[in-house]
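# Structural description and commentary
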Amino acid sequence: MNAQLQRNFNKLEADRKALLADLKQYTDELLNKKPAPEAWSVAEVIGHLLTAEEMSLAYLKKKMQDTASAKPEGLKQKWRWLLVQIVFTFDIKFKAPDIVTPKMGYTTLAELDKRWSETRSQTAEILNKLSDKELDSQLWKHAIAGKLNLHHMVAFFGIHFNRHKKQITRTL
């Protein structure tokens, strides 16, 4: 993993750990309570973040079988990434893709933490194996924006986390 990506990944991981540490003061019952019938509980929000990262990891593992065929990112992908940033930075509301909508039921913070830690660990392991050329290739697929590079994947995890951290704060 190159130095810039490593810094971004470390920040992402520090933010995740800080959030989970803050949430330890609440009971699992409270974290699983929906603020409204159609709203997500805090546990569901974390489950959504985790599912998005797990699905990204699964796709990345698949693409790792043949990184040589991955195309470099072009102008089209840079434009898509810009649109993703705008949507997430300005808190434009939209329904999450069904594939990452929480469907897990009651779960404990400890269970979520364990799954998320494992996902992050596996993601870091893969990123550490890749060359700069591979990191710049379209090896990640965003549910809406399509294929983007791995720098954008890590950046997306950060802006996605920040967006939903606000939602968690409002819910508590």
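See the structure printed just above.
Bear in mind that the values here come from a model prediction, so they are computed numbers and not experimental data.

Cut-offs and rules
- Residues numbered from 1 in each chain as written.
- Predicted model: local features only at pLDDT ≥ 70, side-chain atom pairs only at ≥ 80, totals over all residues.
- Heavy atoms only, no water.
- Helix = DSSP H or I, 4+ residues; strand = E, 2+ residues; numbered from the N terminus.
- Expected span 1.5 Å × (residues − 1).
- Buried < 20%, exposed > 50% of the residue type's maximum accessible area, 1.4 Å probe, protein only.
- Arc of directions from axis to C-beta.
- Contact = heavy atoms within 4.5 Å.
- Salt bridge = Lys/Arg side-chain N within 4 Å of Asp/Glu carboxyl O.

So, on to helix H5 (residues 109–129). Compared with the 30 Å implied by 1.5 Å per residue over 21 residues, the 30 Å span of H5 between its first and last C-alpha is a close match. Here H5 has its buried residues at Leu109, Leu112, Trp116, Thr119, Arg120, Thr123, Ala124, Ile126 and Leu127. When H5 is viewed along its axis, its buried side chains cluster within an angular range of 160 degrees and face the same direction. Facing away from the buried side of H5 by more than 90 degrees, the exposed set consists of Ala110, Lys114 and Lys129. Packing partners of the buried residues in H5 comprise helix H1 (3–23), helix H2 (28–31), helix H3 (42–63), helix H6 (132–135) and helix H7 (150–171).

As enumerated under the stated definition, the model contains 9 salt bridges in all. The partner of Arg120 in a salt bridge is Glu13, with the nearest N and O atoms 2.8 Å apart. One end of the pair, Arg120, is in helix H5; the other, Glu13, is in helix H1, and 107 residues separate them in sequence. Overall, the relative accessible area of 2% leaves Arg120 in the buried class. Note that Glu73 and Lys78 form a salt bridge whose closest N and O atoms lie 3.9 Å from each other. A residue is classified by how much of its surface remains accessible, and Lys78, at 45% relative accessible area, is partly exposed.

With that out of the way, let us pick up the environment of Val42. Along the polypeptide, Val42 turns up in helix H3. Taking C-alpha positions, Val42 is 9.6 Å from Arg170, a pair spaced 128 residues apart along the chain. When near neighbours in sequence (up to four residues on either side) are disregarded, Val42 contacts Leu23, Leu31, Ile168, Thr171 and Leu172.

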